[in-house]
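# Descriptive structure summary
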Amino acid sequence: MPTFTAPDGTKLACHLTGDGAPLICLPGGPMRASAYLGDLGGLSARRRLVLLDPRGTGASGTPADPATYRCDRQVADVEALRAHLGLEALDLLAHSAAGDLALLYAARHPHRVRSLTLVTARGRALGVDFTPEHRREAAALRADEPWYGAAYGSYEAIWSGTATDADFDAAAPFFYGRWDEAARAHDAAAVEQTNEPAAEAYAVPGAFDPRATRTAIGALTAPVLLLAGELDGGPRPRVARDIARLIPRATVAVQPGAGHYPWLDDPAAFTRTVTAFLDGVDGAR
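Residues numbered from 1 in each chain as written. Predicted model: local features only at pLDDT ≥ 70, side-chain atom pairs only at ≥ 80, totals over all residues. Heavy atoms only, no water.

### Overview of the overall build of the chain
The number of helices and strands found in the chain is twelve helices and eight strands. Computed over C-alpha atoms, the radius of gyration of the chain comes to 18 Å, within 12% of the 19 Å expected from 2.2 N^0.38 for 285 residues, which places it in the range of a compact globule. Across its three principal directions, the C-alpha atoms of the chain cover 50 × 45 × 35 Å. Looking at the chain as a whole, 54% of its 285 residues qualify as buried. Sequence-distant contacts in the chain: of pairs separated by 6 or more residues, those separated by 24 or more amount to 73%. Here the chain has roughly 11,700 Å² of accessible surface; of this, 53% comes from carbon and sulfur atoms. Mean positive and mean negative side-chain charge positions of the chain (28 and 34 charges, respectively) differ by 8 Å. (Helix = DSSP H or I, 4+ residues; strand = E, 2+ residues; numbered from the N terminus. Rg over C-alpha atoms; globule rule 2.2 N^0.38 Å. Buried < 20%, exposed > 50% of the residue type's maximum accessible area, 1.4 Å probe, protein only. Contact = heavy atoms within 4.5 Å. Areas by Shrake-Rupley, 256 points an atom, 1.4 Å probe, with all protein chains shown as cover. Lys, Arg positive; Asp, Glu negative; His and termini not counted. Charge placed at Lys NZ, Arg CZ, Asp CG, Glu CD.)

Spelled out as structure tokens, the structure:
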């Protein structure tokens, strides 16, 4: 397990799995350790995955200053990882809330990004966000599921701000395309893997300057893939397309039947889509 030091002295860790050209993977949550990414549905058979544990999670150290959990202040951690690996430019994959971190990194260091894969990723850094209405739109697609009746009230409580821990547990099926044994195990690990105080600091006021980021991202020449789940509420595929319109050389792929964790819902489809994108990047060089 490689370790390296962030500019503020925090010891950070990453995990390596697979073979091939390195693909740097930023976990979402926000502030969830990278273990939940697994091998990204078998993507490790085609790429050497470099899975970063964000500061304060997993095997990474806790920073002296909790304010450094703020998303924009973690850009320096990604750049430190690049330097540690000795790479001129990164193939970067980000999931969910880490989409904001990857976008901020690309805006600040566009020449250091070789490709960017955004998996069911947020675009708050660009001023694009999902809403409770988007969540309800996605929920309506699941009305025929056997768990829907018991889970919908809890799902609604989350977006109305009245949810209890029990509601978060009950609403979990909405985040997966298939609520099977693998999804249950994946969800059960979330609390232990997540640094909740750090998550609360991730997107506090000041973390994002959408106008400046939209301007800066215009300098990005790297190809970008936004992979959305057909059943995901955050973001909906049409919101992913809104994000893509703000990024040069961005394309959108929608994985049928997928929720927020598409590599679990259909590993073969996920790896096929991401591999085709990355192979295209390789072929264009």
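### Things to note about helix H1 (residues 75-85)
Burial in H1 covers these residues: Val-75, Asp-77, Val-78, Glu-79, Ala-80, Leu-81 and Arg-82. Its buried side turned inward, H1 meets strand S1 (3-5), strand S2 (11-17), strand S3 (22-26), strand S4 (48-53), strand S5 (90-95) and helix H2 (98-108). After H1 finishes, the residue Gly-86 shows a positive phi value of roughly 70 degrees.

### Quick notes on the pattern of salt bridges
Across all of its chains, the model carries 18 salt bridges by this definition. Note that Arg-47 is salt-bridged to Asp-91, the shortest N-O span being 3.1 Å. Of this pair, Arg-47 sits in the loop between S3 and S4 while Asp-91 sits in strand S5, placing them 44 residues apart in sequence. In this structure Arg-47 comes out as buried when scored by relative accessible area, which is 4%. (Salt bridge = Lys/Arg side-chain N within 4 Å of Asp/Glu carboxyl O.)

### Some words on the side chain of Thr-10
By the element assignment, Thr-10 lies in the loop between S1 and S2. Here Thr-10 falls in the buried class, since its relative accessible area comes to 5%. At a separation of 3.0 Å, a polar atom in the side chain of Thr-10 contacts the side chain of Asp-8. Each residue touching Thr-10, except ones within four places of it in the same chain, is listed here: Phe-4, Thr-5, Arg-55, Gly-61, Thr-62 and Pro-63. (Polar contact = N/O pair within 3.5 Å; in protein donor to acceptor, adjacent residues only side chain to side chain.)

### Concerning the pairing of S5
Among the six residues that make up S5, six are buried, leaving the element largely enclosed by the rest of the structure. Pairing analysis gives three bridges linking S3 to S5, with the strands arranged parallel. Bridge pairing links Leu-26 to Ala-94 in S5. Direction of pairing for S5 relative to strand S6 (residues 113-119): parallel, over a ladder of six bridges. Looking at the pairing, Asp-91 lines up with Ser-115 of S6. This β-α-β element, S5 to H2 to S6, shows right-handed connectivity. (Pairing = 2+ DSSP bridges. Right-handed = clockwise from strand over helix to strand, strands pointing away.)

### A few points about the nonpolar core
Counting residues in hydrophobic clusters, the biggest one holds 49 residues, and the most contacted among them are Leu-26, Leu-92, Leu-103, Leu-116, Leu-118, Leu-220 and Ile-247. Here the element with the most residues in this core is H2; it accounts for eight residues. Apart from residues no more than four positions distant in its own chain, Leu-103 is found in contact with Leu-116, Leu-118, Arg-122, Gly-123, Ala-125, Leu-126, Thr-213, Ile-217 and Ile-247. Core analysis: the second largest hydrophobic core is formed by 31 residues, Ala-139, Phe-174, Ala-183 and Ala-253 among them. (Core = buried A, V, L, I, M, F, W, Y, C linked by side-chain atoms within 4.5 Å.)

### Description of the packing of aromatic side chains
Inspection of the entire model under this criterion finds 13 aromatic pairs. Their ring planes at 70 degrees and their centres at 6.4 Å tell us that Tyr-152 and Phe-174 sit as a pair that is edge-to-face. Of this pair, Tyr-152 sits in helix H4 (residues 148-160) while Phe-174 sits in the loop between helix H5 (165-170) and helix H6 (181-188), and the two are 22 residues apart along the sequence. You can call Phe-174 buried: its relative accessible area is 4%. (Phe/Tyr/Trp six-rings, centres within 6.5 Å; stacked < 30°, edge-to-face > 60°.)

### Focus on the sheet that holds S2
Two modes of strand pairing occur in sheets, parallel and antiparallel, and in both the strands are linked by backbone hydrogen bonds. One open sheet accounts for eight strands, arranged S1-S2-S4-S3-S5-S6-S7-S8; its pairing is mixed. Strands at the two margins of the open sheet, each flanked by one partner only, are S1 and strand S8 (250-255). Neighbour-to-neighbour, the strand axes of this sheet turn through a mean angle of 25 degrees, independent of strand direction. Sheet strands in contact with H1 are S1, S2, S3, S4 and S5, and its direction is about 120 degrees off that of S1. (Axes fitted to C-alpha atoms, helices over the stretch in contact; angles between N-to-C directions.)

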